[in-house]
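Residues per chain are reported as follows:
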Amino acid sequence: DDIFSSIFCENSGKLINVHLFALAAKYYSLSNLGVCTPLEDVLEALKGDSEGATGIKPDEFMNNKKSHEVQVMSELVDGIANYCGIKQVIDIGSGKGYLSSFLSMQYNLKVYGIDSSSSNTNGAHERNRKLKKHWRAYQSRGKENLKSQSLEKANDKPVESEINCKTINEELLNNANSLQNQGQAIIQDVLPSCGFTEMATLETNTEAEADLVTGTQSHETKLSEEVLAILNVLPADAVEDFSSSHNCVELCEEEKIRRKITSLQTKARKSSESNLYFPLTSCITAETELNDIITDLEDCMMVGLHTCGDLAANTLRIFTAKAEIKAVCSVGCCYHLLSEQFENQEECHDQVWGFPMCQYLKDKGWCCGRNARMSACLALERVAVGQMLPTESLFYRAVLQVIIEEIYGVAKSDRHVGKTFSKSSSFIDYVRRSLKKLELDDSKLPDSCIMDYYEKYKHRMIELEAFNMLKIVLAPCIEVLILLDRLCYLKEQENIAWSGLVKLFDPVKSPRCYAVIALKN
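Residues numbered from 1 in each chain as written. Predicted model: local features only at pLDDT ≥ 70, side-chain atom pairs only at ≥ 80, totals over all residues. Heavy atoms only, no water.

Within an unreviewed UniProt entry, the label attached to the protein chain reads Methyltransferase-like protein 25, and the organism entered is Lamprotornis superbus.

Shown next, in the form of structure tokens:
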């Protein structure tokens, strides 16, 4: 209380100490409160005995911001899925499917991407189709890197100089004979699902050959691993020499059978992989029954990368209500679109609100208000590194509002100006474009009148900039309130084993960088 009395004037309530205001705002930011769990700690706790993926990066398929978000979040989601022993993921507000497609292709997870926009869903379908064309070639490059690394390691291993080639050949023959016998059983299992009737008609698949040579796929069969294990003990040149030896003739038939089996397995895998990501169109609310959307709903986890407004809150509510959902990882955004229970005096007992969620703030009747929620969307870290606010466009918008109130008597409109500033050549052009969007007659407003308004308020542009800088400083405090409300809601639930806030992203690249994570008992 003593600190705040020094920041604001007791009588007028005006801000009198900007420095203390900034320090107080920093004190109440998430980074300073110590309530977040470090991402490294979460990943370490989830890791167990599982090995990471092959290190494929999504930077060739999306912009730098999205690539950063998808790569970090997908690693965490995969870790949670492995920890919980689940293979199904539901991506809420999936948009064009950036996260969904990467989770399915990189981590072999079955992902349902749900978005309310059919155009987004259609775009996700098309993007996924194009992505698959390039994915395998891109994946192969990652495997080639692993292959070269494993060969280097193999060459570094001490190998006995007197290796008896005949002994190794006999071991290979024994493995190949075992492979043939077990291969018949595998073929019987694979053939019906692939639609093949005669083994003689099968041809060697080049992709299967690539899989055989690299030997880096995590789901490679035990049989292939036994053969490759023997080859790996040889130096690189010994492998080449051995392949041209006389004993290889005896292995040709066995090799053909082995390759045919690998080909069948690859085709079967491709068949199942082609449908690992399902974009769906549906509007998600707190009352949504996922079984009506996903017919084969099983134990799964929910994720959301920048779920807009109430969707972030509803994601958490669905998570707590559905027994099948074992975990959630949600990064919200667009706080200004949150519905607030206590913002308006009208009471709607049946409505589910975006804020507050926890009983603690509900009991206090807490309300942020639209202006505060708008401020929470601002990016302090970006401003701190020199990416300043677009002061001129904000000034244009402010003067425009004065014009439409004084000239047209319009205080509020359901229509939006949108990104008119970037398309305008001058303030006059901006005003006229905006009036057309608002369906107001601009013919009654001469250019001279428009410029009079501009000149009248031009000297106050620096005030506008200062005001918005204060809003930016305060932004993290308001975001804290919204995020802690969601975390507190999870802490109030009885079926949650662990919940926390985790900073996932670089806030300069992605300002909405905090994830709400929870795992059920």
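Chemist: I'd like a description of the side chain of Arg 512, backed by residues and values.
Modeler: Tracing the backbone through its elements, the reader meets Arg 512 in the loop between strand E6 (496–503) and strand E7 (514–520). For Arg 512, a relative accessible area of 11% corresponds to the buried category. At 2.9 Å, the side chain of Arg 512 and the backbone oxygen of Cys 377 are in polar contact. Not counting residues up to four positions away in its chain, the partners in contact with Arg 512 are His 306, Val 331, Gly 332, Cys 333, Tyr 335, Ala 376, Cys 377, Leu 378, Glu 479 and Phe 505. (Helix = DSSP H or I, 4+ residues; strand = E, 2+ residues; numbered from the N terminus. Buried < 20%, exposed > 50% of the residue type's maximum accessible area, 1.4 Å probe, protein only. Polar contact = N/O pair within 3.5 Å; in protein donor to acceptor, adjacent residues only side chain to side chain. Contact = heavy atoms within 4.5 Å.)

Chemist: So what's going on with the pairing of strand E2 (residues 110–115)? Which residues, and what values?
Modeler: E2 sits mainly inside the fold: 5 of its 6 residues count as buried. Sheet analysis places strand E1 (residues 88–92) next to E2, joined by 5 bridges and oriented parallel. Residue pairing across strands places Ile 92 opposite Ile 114, the latter belonging to E2. Crossover connection from E1 via helix H6 (residues 98–107) to parallel E2: handedness right-handed. Relative to strand E3 (residues 277–281), E2 is paired through 5 bridges, and the arrangement is parallel. Each bridged residue has a counterpart across the sheet, and for Val 111 the counterpart in E3 is Tyr 277. (Pairing = 2+ DSSP bridges. Right-handed = clockwise from strand over helix to strand, strands pointing away.)

Chemist: Describe in detail the packing of helix H14 (residues 310–321) against helix H21 (residues 461–492), supporting the description with residues and values.
Modeler: Two elements in contact, H14 and H21, have axes whose closest approach is 11 Å; the angle formed by their N-to-C orientations is 10°. As far as their axial angle goes, H21 and H14 are roughly parallel. The residues of H21 that touch H14, namely those facing Ala 312, Leu 316, Arg 317, Phe 319 and Thr 320, are Arg 486, Tyr 489 and Leu 490. By residue class, the composition of the contact of H14 with H21 is 5 nonpolar, 1 polar and 2 charged. (Axes fitted to C-alpha atoms, helices over the stretch in contact; angles between N-to-C directions. Parallel < 35°, antiparallel > 145°, perpendicular 65-115°, else oblique. Nonpolar A, V, L, I, M, F, W, Y, C, P; charged D, E, K, R; others polar.)

Chemist: Break down the packing of aromatic side chains for me, with residues and values.
Modeler: Overall, the coordinates contain 11 aromatic pairs when judged by the stated rule. Ring geometry for Phe 102 versus Tyr 107: centroids 6.4 Å apart, planes at 75°, classification edge-to-face. Residue Phe 102 shares its accessibility class with Tyr 107, and that shared class is buried. Taken together, a centroid distance of 5.2 Å and an interplanar angle of 45° make the contact between Phe 427 and Tyr 454 tilted. In this pair, Phe 427 is assigned in helix H19 (residues 427–437) and Tyr 454 in helix H20 (residues 447–457), connecting sequence segments 27 residues apart. Each residue in the set Phe 395, Tyr 396, Phe 421, Phe 427, Tyr 430 and Tyr 454 is aromatic and connected to the rest through ring pairs, giving one cluster. Across the ring face of Phe 319, the terminal group of Lys 520 is positioned such that the distance to the ring centre comes to 4.9 Å. (Phe/Tyr/Trp six-rings, centres within 6.5 Å; stacked < 30°, edge-to-face > 60°. Lys NZ or Arg CZ within 6 Å of the ring centre and 35° of its normal.)

Chemist: Explain the side chain of Ser 104 to me, and be specific about the residues and the numbers.
Modeler: With respect to the helices and strands, the residue Ser 104 is situated in helix H6. Looking at Ser 104, the relative accessible area reads 4%, which means it is buried. Here Ser 101 takes part through its backbone oxygen, which lies 2.9 Å from a polar atom of the side chain of Ser 104. Setting aside residues no more than four positions away along its own chain, Ser 104 makes contact with Leu 109, Val 111, Leu 276 and Tyr 277.

Chemist: Tell me about the state of the cysteines, and name the residues and values.
Modeler: One pass over the full model with this rule turns up 0 disulfides. Looking at the unpaired Cys 36, the closest cysteine sulfur is the one in Cys 513, lying at 8.4 Å. Note on Cys 377: no disulfide assigned, nearest cysteine sulfur contributed by Cys 334 at a separation of 6.4 Å. (Disulfide = S-S within 2.5 Å.)

Chemist: Please give an account of the environment of Leu 440 that cites residues and values.
Modeler: Looking at the element boundaries, Leu 440 is found in the loop between H19 and H20. Spatially, the C-alpha atom of Leu 440 lies 9.7 Å from that of Val 410, the residues being 30 residues apart in sequence. Once residues within four sequence positions are removed from consideration, Leu 440 is found in contact with Ile 404, Tyr 408, Val 410 and Leu 435.

Chemist: Describe in detail the pairing of strand E5 (residues 325–333), supporting the description with residues and values.
Modeler: Counting buried residues in E5 gives 8 out of 9 residues, a clear majority hidden from the surface. As paired strands, strand E4 (residues 300–308) and E5 are joined by 8 bridges and run parallel to one another. What sits directly across from Thr 307, in E5, is Gly 332. Tracing the backbone out of E4, into H14 and back to the parallel element E5 gives a crossover that is right-handed. Where E5 lies against E7, 4 bridges are found, and the strand directions are antiparallel. Residue pairing across strands places Ser 330 opposite Val 516, the latter belonging to E7.

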